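Take a look at the letters that make up each chain.
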Amino acid sequence: MSTTDHPVSIFPAWFDRFQNKYMNPAIRPLAPYLPGFAVLEHHGRKSGRPFATPVNAFRSGDKFYVALGHGRTDWVKNILAAGEADTRSAFRRYHLVNPRVVDRESAGPGLPLAARVAGRRLELFVADIEPAH
């Protein structure tokens, strides 16, 4: 299945708006400490404004994965344009580089089970975790 076969979003537009306005602000402070969640820190590609976006994330080795249930949203476009982002997850901070959007087959070996299942219908955001210096 190519990335063009994936839906743009599996959620209705009203849910996207509801999540951005109410759910994201409520979960943002807790997300770095909850299993399966992370907060992506990035800057707007047009405004340069800093953003912190909570996501359901999967980590395997030196890779970071997010199933794109909402399609290629602004945070995805911002990180792809910048080529990097930071994330807070499981009480740790990571620097992400080489971001890309791929289908399940292109994600490579080591794809976590949850990401493999989500990748059946969704594109996956993948980034490399930069080694600590």
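Everything below is about the structure shown above.
Scope of this entry: the structure provided in the associated data block. (Residues numbered from 1 in each chain as written. Predicted model: local features only at pLDDT ≥ 70, side-chain atom pairs only at ≥ 80, totals over all residues. Heavy atoms only, no water.)

Here the idea is simple: oppositely charged side chains can pair when their charged atoms come close. With the rule as written, the count across this model stands at 8 salt bridges. As a salt-bridge pair, E41 and R88 come within 2.6 Å of each other at their nearest N and O atoms. With E41 in strand β1 (residues 37-43) and R88 in strand β5 (residues 84-89), this residue pair connects regions lying 47 residues apart in the sequence. We classify R88 as partly exposed; its relative accessible area is 22%. The salt bridge partner of R72 is E123, with a shortest N-O separation of 2.9 Å. Here R72, found in the loop between β4 (63-67) and α2 (74-82), pairs with E123, found in the loop between α3 (113-118) and β7 (124-129); they are 51 residues apart in sequence, far enough to count as distant. According to the relative accessible area criterion, E123 is buried, its value standing at 9%. (Salt bridge = Lys/Arg side-chain N within 4 Å of Asp/Glu carboxyl O. Helix = DSSP H or I, 4+ residues; strand = E, 2+ residues; numbered from the N terminus. Buried < 20%, exposed > 50% of the residue type's maximum accessible area, 1.4 Å probe, protein only.)

It is worth spelling out the sheet that holds strand β2 (residues 50-56) at this point. As summarised here, the arrangement of the 7 strands in space is β2-β1-β5-β6-β7-β4-β3, forming an open sheet in which the pairing is antiparallel. Pairing within the sheet leaves two strands with one partner each, and these edge strands are β2 and β3 (58-60). Across the sheet, the mean angle separating the axes of adjacent strands is 35° when strand polarity is ignored. Pairing analysis gives 5 bridges linking strand β6 (residues 92-102) to β7, with the strands arranged antiparallel. Looking at β7, one finds that V102 is bridged to L124. Packing of α2 onto the sheet brings it into contact with β1, β2, β4, β5, β6 and β7, and relative to β1 it is tilted by some 60°. (Pairing = 2+ DSSP bridges. Axes fitted to C-alpha atoms, helices over the stretch in contact; angles between N-to-C directions. Contact = heavy atoms within 4.5 Å.)

Interpretation in functional terms is not warranted from these geometric data alone.
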